[in-house]
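Here are the chains, one letter per residue:
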Amino acid sequence: MSDDEHHFESKADAGASKTYPQQAGTIRKNGFIVIKGRPCKVVEVSTSKTGKHGHAKCHFVAIDIFNGKKLEDIVPSSHNCDVPHVNRSEYQLIDISEDGFVSLLTDSGGTKDDLRLPTDENLLNQIKSGFAEGKDLVVTVQSSMGEEQICALKDIGPK
């Protein structure tokens, strides 16, 4: 029996997990949580007392970090919730194409050309006007669970 080779069929991709477990009772305001499969930033947490037959429950109100939608979830405080790995990185803006994609300079000197302009009107206008004026712009890109989006902008002076 032990001489047989075992073959495992896996549909998962190799590499780090997109989320990690954390006890619901330890998640605080301004933390991150996954609600309905979306990475969210917690804006409000309220905890109910234990009932006659049960657990204390945590009521989370959170905002999707990519589309700004408000989501809510109620979880027993002793249970685990998924918390997304959220990374922020800064890139220098090189170019904006006509079809709404940006070209960014990475730390290693390469370019990153697979990001769209943000959907937030205010940020979009700041990026377009700053680029048109020839300013040196650095954008902050937030990535989580396989999605990436420009979330902030810094002006580091004229070129």
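What counts and what doesn't
Residues numbered from 1 in each chain as written. Predicted model: local features only at pLDDT ≥ 70, side-chain atom pairs only at ≥ 80, totals over all residues. Heavy atoms only, no water. UniProt positions renumbered as here; feature names shortened; annotations may be inferred. Pairing = 2+ DSSP bridges. Helix = DSSP H or I, 4+ residues; strand = E, 2+ residues; numbered from the N terminus. Axes fitted to C-alpha atoms, helices over the stretch in contact; angles between N-to-C directions. Salt bridge = Lys/Arg side-chain N within 4 Å of Asp/Glu carboxyl O. Buried < 20%, exposed > 50% of the residue type's maximum accessible area, 1.4 Å probe, protein only. 1 Å grid on protein atoms, 1.4 Å probe; cavity = no way out; pocket = protein on both sides within 12 Å on 5 of 7 lines; lining within 4 Å. Points joined across faces, edges and corners; volume = space filled by probe spheres on them. Nonpolar A, V, L, I, M, F, W, Y, C, P; charged D, E, K, R; others polar.

Per an unreviewed UniProt entry, the protein chain carries the name Eukaryotic translation initiation factor 5A and comes from Eleusine coracana subsp. coracana. A UniProt comment under Sequence similarities (unreviewed entry) is attached to the protein chain, and it reads "Belongs to the eIF-5A family."

Asker: I would appreciate a short explanation of the sheet that holds strand β2 (residues 32-35) in the present structure.
Answerer: As a general point, the strands of a sheet are linked pairwise by backbone hydrogen bonds and lie either parallel or antiparallel. Pairing is antiparallel in the open sheet, where four strands are placed in the order β2-β3-β4-β5. Looking at which strands have only one partner, the edges of the open sheet turn out to be β2 and β5 (70-76). Strand-to-strand twist of the sheet, defined as the mean angle between neighbouring strand axes without regard to direction, takes the value 45°. Relative to β5, strand β4 (residues 57-64) runs antiparallel, the two being bridged by seven bridges. Bridging from a neighbouring strand, Val61 pairs with Glu72 of β5.

Asker: Can you help me understand the pattern of salt bridges in this one?
Answerer: Close approach of charged atoms allows side chains with opposite charge to pair. Taken as a whole, this structure holds seven salt bridges when the rule is applied. Of the charged contacts in the structure, one is a salt bridge between Arg38 and Glu147, with a shortest N-O distance of 2.6 Å. Of this pair, Arg38 sits in strand β3 (residues 38-48) while Glu147 sits in strand β11 (residues 147-158); the two residues are 109 residues apart in sequence, bridging distant segments of the chain. Accessibility expressed as a relative area gives 30% for Glu147, which makes it partly exposed.

Asker: In this structure, what is going on with the layout of surface pockets? I would like to understand it.
Answerer: Rolled over the atoms, a probe sized like a water molecule indicates the empty space that remains. Estimates place the volume of the largest pocket at around 150 Å³. Taken together, Ile65, Phe66, Pro118, Asp120, Leu123, Gln142, Gln149, Ile150 and Cys151 make up the full set of residues lining the largest pocket. Considering each element in turn, the lining of the largest pocket owes the most residues, three residues, to β11. Tallied by class, residues from the lining of the largest pocket come to six nonpolar, two polar and one charged.

Asker: Looking at this structure, how should I read the environment of Gly54?
Answerer: With respect to the helices and strands, Gly54 occurs in the loop between β3 and β4. Since its relative accessible area comes to 36%, Gly54 is described here as partly exposed. Distance from Gly54 to Pro76, taken between C-alpha atoms, is 8.8 Å for residues 22 residues apart in sequence.

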